[in-house]
There are 2 protein chains.
Amino acid sequence: MEKDYTEFFHHKRVLITGGLGFLGSTLALKLVACGAQVTLLDGLIEDLGANFFNIEPIKDEVEIVIAHLSDRAATDYHVQDKDLIFNIGMHSSHLDSMKRPLYDLETNIIPQLQFLESIRYNNPEAMVLYVGSRAQFGKVKKFPINENTPLAPADIYAAGKQLVEYYHFLYQDICGLRPISLRLGNTYGPRHQMKHAKYGVQNYLIRLALDGEQIQVFGEGQQLREMIFVDDVIDALLLLVMNEQTIGHYYCIGVDEKISFLELVKTIISVCGNGSYQHVPWPEERKVIEVGDVQTDFSKLSNLTDWKPTTPLREGLRRTADFYKQYKSYYW
Amino acid sequence: MEKDYTEFFHHKRVLITGGLGFLGSTLALKLVACGAQVTLLDGLIEDLGANFFNIEPIKDEVEIVIAHLSDRAATDYHVQDKDLIFNIGMHSSHLDSMKRPLYDLETNIIPQLQFLESIRYNNPEAMVLYVGSRAQFGKVKKFPINENTPLAPADIYAAGKQLVEYYHFLYQDICGLRPISLRLGNTYGPRHQMKHAKYGVQNYLIRLALDGEQIQVFGEGQQLREMIFVDDVIDALLLLVMNEQTIGHYYCIGVDEKISFLELVKTIISVCGNGSYQHVPWPEERKVIEVGDVQTDFSKLSNLTDWKPTTPLREGLRRTADFYKQYKSYYW
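Conventions and cut-offs
- Numbers given for residues are sequential positions, taken from 1 along each chain in its written order.
- By the order in which they are written, chains take letters starting at A while ligands take numbers starting at 1.
- Given that this is a predicted model, residues contribute local features only at a pLDDT of at least 70 and side-chain atom pairs are listed and counted only at 80 or more, while totals for whole chains, interfaces and linings are drawn from all residues.
- Excluding hydrogens and water, the side-chain figures rest on all heavy atoms present in the structure.
- Secondary structure elements follow DSSP: runs of H or I of four or more residues count as helices, runs of E of two or more count as strands, with numbering from the N terminus.
- Atoms counted for the radius of gyration: C-alpha only. Globule rule: 2.2 Å times the number of residues to the power 0.38.
- For every residue, the accessible area obtained with a 1.4 Å probe (protein chains only) is divided by the maximum for its type, and the residue is called buried under 20%, exposed over 50%, and partly exposed between those limits.
- In what follows, residue pairs with any heavy atoms lying within 4.5 Å of each other are defined as contacts.
- Residue exposure ignores everything except the shown protein chains as possible cover, and the areas themselves are Shrake-Rupley values with a 1.4 Å probe.
- All tallies of charge rest on Lys and Arg as positive and Asp and Glu as negative; His and the ends of each chain are not included.
- The atom standing in for a charge is NZ when the residue is Lys, CZ when it is Arg, CG when it is Asp and CD when it is Glu.
- Axis lines are fitted through C-alpha atoms, for helices just across the contact stretch, and the angle between N-to-C directions can take any value from 0 to 180 degrees.
- Angular relationships are summarised with four words: roughly parallel below 35 degrees, roughly antiparallel beyond 145, roughly perpendicular across 65 to 115, and oblique for the angles in between.
- A clockwise turn of the near helix away from the far one marks a right-handed crossing, whereas an anticlockwise turn of less than a right angle marks a left-handed crossing.
- Following the grouping adopted for this structure description, the nonpolar residues are Ala, Val, Leu, Ile, Met, Phe, Trp, Tyr, Cys and Pro, the charged ones are Asp, Glu, Lys and Arg, and the polar ones are all others, Gly among them.
- To estimate how far a helix should extend, the number of its residues minus one is multiplied by 1.5 Å.
- Whether two strands pair depends on DSSP finding at least two bridges between them.
- In superposing the copies, a least-squares fit is computed on C-alpha atoms, taking residues whose pLDDT is at least 70 in both.
- Only Phe, Tyr and Trp rings are paired, with Trp represented by its six-membered ring, and only when their centres lie within 6.5 Å; those with planes under 30 degrees apart are stacked, over 60 edge-to-face, the remainder tilted.
- Charge over a ring is defined by NZ of Lys or CZ of Arg lying within 6 Å of the ring centre and within 35 degrees of the ring normal.
- UniProt positions are given in the numbering used here, feature names are shortened, and annotations may be inferred rather than shown by experiment.
- Defined here as a combined quantity, buried area equals the accessible surface (1.4 Å probe) lost by two parts on assembly, summed across both.
- Throughout this description, the term salt bridge denotes a Lys or Arg side-chain nitrogen within 4 Å of a carboxyl oxygen of Asp or Glu.
- Identification of polar contacts relies on pairs of N or O atoms within 3.5 Å, with a donor-acceptor requirement for protein atoms, meaning one able to donate a hydrogen and the other able to accept it, and with residues adjacent in sequence counted only if both atoms are side-chain atoms.
- By definition, the crossover connecting two strands over a helix is right-handed if that path, from the first strand to the second, turns clockwise as seen with the strands pointing away from the viewer.

Trainee: Break down the overall build of chain A for me, with residues and values.
Mentor: Each helix and strand counted, chain A has 12 helices and 13 strands in total. Computed over C-alpha atoms, the radius of gyration of chain A comes to 19 Å, within 12% of the 20 Å expected from 2.2 N^0.38 for 332 residues, which places it in the range of a compact globule. Its C-alpha atoms give chain A principal-axis dimensions of roughly 55 × 40 × 40 Å. By the burial criterion, 60% of the 332 residues in chain A qualify as buried. Across chain A, contacts joining residues at least 24 apart in sequence account for 81% of those joining residues at least 6 apart. Working note: accessible area of chain A is about 13,100 Å², and carbon and sulfur atoms make up 47% of it. Of the side-chain charges in chain A, 33 are positive and 42 negative, and the distance between the mean point of each set is 4 Å.

What follows is the structure, encoded as structure tokens:
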């Protein structure tokens, strides 16, 4: 049964950073359907997920601001009077961050701190939901992962995500900000960018399968993955901001259904009705940042918000494949 | 008995960032005495601890480079061919970092990443000792603090120190860097800057006492402190880089002698033979970033390097007070 969020979000003024990207646009579609007044901020940074087609169904019902997070003129104005800020706009490339650490700093860290300063002086007690990353945990020694798991970020990107999460919580002391962080794992679904594999390799597998390409499975492919369908993530984002008790804390999210990477590839090929795979050795650059199995205990989130994942993997993959078959020209 | 490091450090080429500051200059004095070839890099950043008088006794025996850590022309040239790099140059102001988070980013984080990039392309497998901070642990729930204590940085400065530590260890994967981190606590001694209380409040107390001023004790002053004499810290820095087994790890440092802040103030007044104190309420800005008691288990460091603190507090304070009485005009 689909949840009804209208009562809470009707007429709420909401700012979404990274608003034209995968998560931002999917969230916007949901919020507009609930009657929220939505502003999308996006810097259209090359290679990231911004795509105007993502918001085609609501383009006349949202305010679109094209500006960098570091543009204080834009952010000072647009953070004012917002009831909620969903802070999603960052790159998420593990590999690139190791090749170009300064790119990571310039794209993820500096603009985020400038954005927080903008909020501090223009809407200091805003509720801000920050989308963190499971990667902040890095190479985990004991499963399942939960909020007490020690941090060991395995790449520059993950270390930066952690710093920006620290920043959000420290602004609670600095100016009374009301921050929440959701440490997101592998999310898939419609509206993800499909031009390259740098962000969200799992989504790119769907493109490879649809194109009838051969998918490479590094090593045996037995590492466990949790695949969360984007609509379930949006539910979590909405439920978190509806509950004041969530403020000042970070949350893990996952699914009960674990799947090996190899099985995931086979399922994608089956659902797409196309594609093939072969095993290849691990490339060195991947091995270094590979974090191994993923198994998450998301009971803190569930207990506080009643959230649970509702979309079985096969159904989510089918909906994703259907979307891209229909709108391929906008994403390929 | 003083340790003899000459055999190891003789003719070693050493770069010290923050080389004109408190730790950097004290380390340089020791290394020069051991016959090392020392290069001091310092950006002379306003309010930080650089002081040419610190290196007066060795000024003709070291190479002095005045440049920012972010100046790739300078660092690319000077990191080459170094056997060891002691990376000390950062600000350490907890309060300022909360008032001006962007200053922290610009002074501590961006230049540090640029410096690591410089090493990557000019001396990728350098041994780099990074001086981290006890503040990375923040508000600790369980004592003693050791290397397994969860991190909870209580201010922007501490969060940034943690990121830069992560960066150092990630460069082990990126280019084969050989990093070590020492998470330093309250260090006192000669050559600390004495112009303001922003970095190392304990050192500033000595100035207040010598000047016959009244020292403010916030609240009861019962929070426990560990005061490490600078020469003991220098021993730890030297021992860590003499042992290849230390590479890739971070270490806590402390002293067995714990003292309440109030007792510390009384001891300083007694040793200096001047000054007084009064209790005042905690200022709000201090309360937020105050981390409570400090009790450190430094057995990992001791077991690996045989390091132990050798200077009793009263003796260290006496040597510090004597130094500043003699050279007051260079520090006040």
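Trainee: Tell me about the packing of helix H7 (residues 201–210) of chain B against helix H9 (residues 261–272) of chain B, residues and numbers included.
Mentor: Residue and element names in this part refer to chain B. For the pair H7 and H9, interaxial distance at closest approach is 9 Å and the crossing angle is 40°. The angle between H7 and H9 falls in the class oblique. The hand of the H7/H9 crossing is right-handed. Taken together, the residues of H9 that come into contact with H7 (itself represented by Gln-202, Leu-205, Ile-206, Ala-209 and Leu-210) are Phe-261, Leu-264, Val-265, Ile-268, Ile-269 and Cys-272. The residue inventory of the contact of H7 with H9, partitioned by class, reads 10 nonpolar, one polar and no charged.

Trainee: Could you give me a rundown of helix H5 (residues 101–122) of chain A, with the residues and numbers involved?
Mentor: The terminal C-alpha atoms of H5 of chain A, which comprises 22 residues, lie 31 Å apart, in line with the 32 Å expected from a rise of 1.5 Å per residue. Burial within H5 of chain A is extensive, with 18 of its 22 residues counted as buried.

Trainee: Quick one: what's the story with the sheet that holds strand E11 (residues 250–252) of chain A, residue by residue and with numbers?
Mentor: All names here are of chain A. In spatial order, the strands read E3-E2-E1-E4-E5-E6-E11; together these seven strands make up an open sheet with parallel pairing. The open sheet is flanked by strand E3 (63–66) and E11, the only strands paired with a single partner. Here the average twist between neighbouring strands, direction ignored, is 20°. The sheet contact formed by strand E6 (residues 178–184) and E11 spans three bridges and is parallel. Within E11, the residue paired with Arg-183 across the bridge is Cys-252.

Trainee: How would you sum up the relation of the copies chain A and chain B? Please name residues and give values.
Mentor: After a rotation of 180° and a shift along the axis of 0.0 Å, chain A superposes on chain B with an RMSD of 0.0 Å. On this basis, the relationship between the two copies can be described by a two-fold rotation axis. When the interface residues of chain A are mapped onto chain B, 100% of them are again interface residues, pointing to one common binding face.

Trainee: Give me the lowdown on the packing of aromatic side chains, citing residues and values where you can.
Mentor: Across all of its chains, the model carries 30 aromatic pairs over all chains by this definition. Ring plane angle 85° and centroid distance 5.4 Å describe the contact between Tyr-324 of chain A and Tyr-331 of chain A, whose orientation is recorded as edge-to-face. Residue classification places Tyr-331 of chain A among the buried positions, given a relative accessible area of 2%. Cluster of aromatic residues (ring-pair linked, three or more members): Phe-53, Phe-323, Tyr-324, Tyr-327, Tyr-330, Tyr-331 and Trp-332 of chain A. The lysine or arginine in question, Lys-300 of chain B, covers the ring of Tyr-250 of chain B, its NZ or CZ lying 5.3 Å from the ring centre.

Trainee: Any details on the UniProt feature "domain: NAD-dependent epimerase/dehydratase" (unreviewed entry) in chain A? Residues and values, ideally.
Mentor: UniProt's feature table lists "domain: NAD-dependent epimerase/dehydratase" (unreviewed entry) at residues 14–253 of chain A, given in the numbering used throughout. Here residues 14–253 of chain A is 37% helix and 20% strand, with 23 Å between the C-alpha atoms at its ends.

Trainee: Lay out the interface of chain A and chain B in plain terms, naming residues and giving numbers.
Mentor: Every contact between the two is made by 28 residues of chain A and, on the other side, 28 residues of chain B. Looking at the side of chain A facing chain B, the largest losses of area belong to Leu-102, Tyr-166 and Leu-170 of chain A, adding up to 22% of the total buried there. The interface formed by chain A and chain B holds zero salt bridges in total. Our count for the contact surface shared by chain A and chain B stands at four residue pairs in polar contact (both at pLDDT 80 or more).

Trainee: Account for the environment of Leu-163 of chain A, with residues named and values stated.
Mentor: Turning to its location among the elements, Leu-163 of chain A is positioned in helix H6 (residues 156–175). Overall, the relative accessible area of 2% leaves Leu-163 of chain A in the buried class. Sequence separation between Leu-163 of chain A and Ser-93 of chain A is 70 residues; the distance between their C-alpha atoms is 16 Å. The residues touching Leu-163 of chain A, leaving out its near neighbours within four places in the chain, are Ile-109 of chain A together with Ile-109, Ala-159, Gly-160 and Leu-163 of chain B.

Trainee: Tell me about the pairing of strand E1 (residues 13–17) of chain A, and please be specific about residues and values.
Mentor: Residues and elements named next belong to chain A. With four of five residues buried, E1 lies mostly within the body of the structure. Relative to strand E2 (residues 37–42), E1 runs parallel, the two sharing five bridges. When the bridges of E2 are listed, Arg-13 appears paired with Gln-37. Handedness of the E1-helix H2 (residues 22–33)-E2 crossover: right-handed. Both E1 and strand E4 (residues 84–87) contribute to a ladder of four bridges, which runs parallel. Within the sheet, the bridge partner assigned to Leu-15 lies in E4 and is Ile-85.

Trainee: Before we move on, could you go through unusual backbone geometry and cite the residues and values that matter?
Mentor: A cis geometry characterises the amide bond from Phe-143 of chain A onward to Pro-144 of chain A, with omega recorded as -5°. With respect to the helices, strands and loops of the structure, Pro-144 of chain A is situated in the loop between strand E5 (127–133) and H6. One non-glycine residue with positive phi stands out, namely Arg-191 of chain B, at about 85°. Note that Arg-191 of chain B resides in the loop between strand E7 (187–188) and H7. Phi is positive for Asp-306 of chain B, which is not a glycine, with a value near 65°. Topologically, Asp-306 of chain B is positioned in the loop between helix H11 (299–305) and helix H12 (313–327).

Trainee: Talk me through the side chain of Gln-202 of chain A; I want residue IDs and the actual numbers.
Mentor: All names here are of chain A. Checked against the element boundaries, Gln-202 lands in helix H7 (residues 201–210). Given a relative accessible area of 5%, Gln-202 falls into the buried group. Leave out the neighbours within four places in its chain, and Gln-202 touches Asn-186, Arg-225, Met-227, Phe-261, Leu-264 and Ile-268.

Trainee: Describe the pattern of salt bridges, naming the residues involved and giving the relevant values.
Mentor: All names here are of chain A. Applying the stated criterion across every chain yields a total of 36 salt bridges over all chains. Put simply, Asp-231 and Arg-319 hold a salt bridge, and the shortest N to O gap is 2.8 Å. Residue Asp-231 is located in helix H8 (residues 230–241), and its partner Arg-319 is located in helix H12 (residues 313–327); the two are separated by 88 residues in the primary sequence. Using a relative accessible area of 31% as the deciding quantity, one classes Asp-231 as partly exposed. With a shortest N-O distance of 3.7 Å, Lys-287 and Glu-284 are connected by a salt bridge. In this pair, Lys-287 and Glu-284 both sit in helix H10 (residues 284–289), three residues apart, roughly one turn of the helix. One continuous salt-bridge network, built from bridges that share partners, spans Asp-47, Asp-96 and Lys-198.

Trainee: Describe the sheet that holds strand E3 (residues 63–66) of chain B, naming the residues involved and giving the relevant values.
Mentor: All names here are of chain B. Pairing is parallel across the open sheet formed by seven strands, whose spatial order is E3-E2-E1-E4-E5-E6-E11. Across the chains shown, the open sheet's two edge strands, defined by having one partner strand only, are E3 and strand E11 (250–252). Between one strand axis and the next, the sheet turns through 20° on average, direction left out of account. When strand E4 (residues 84–87) meets strand E5 (residues 127–133), the two strands line up parallel, connected through four bridges. In the sheet register, Asn-87 faces E5, and the bridge partner there is Tyr-130. Against the sheet, helix H5 (residues 101–122) touches strand E1 (13–17), strand E2 (37–42), E4 and E5, its axis set at about 175° to E4. Relative to the sheet, helix H8 (residues 230–241) contacts E4, E5, strand E6 (178–184) and E11, its axis offset from that of E6 by approximately 160°.

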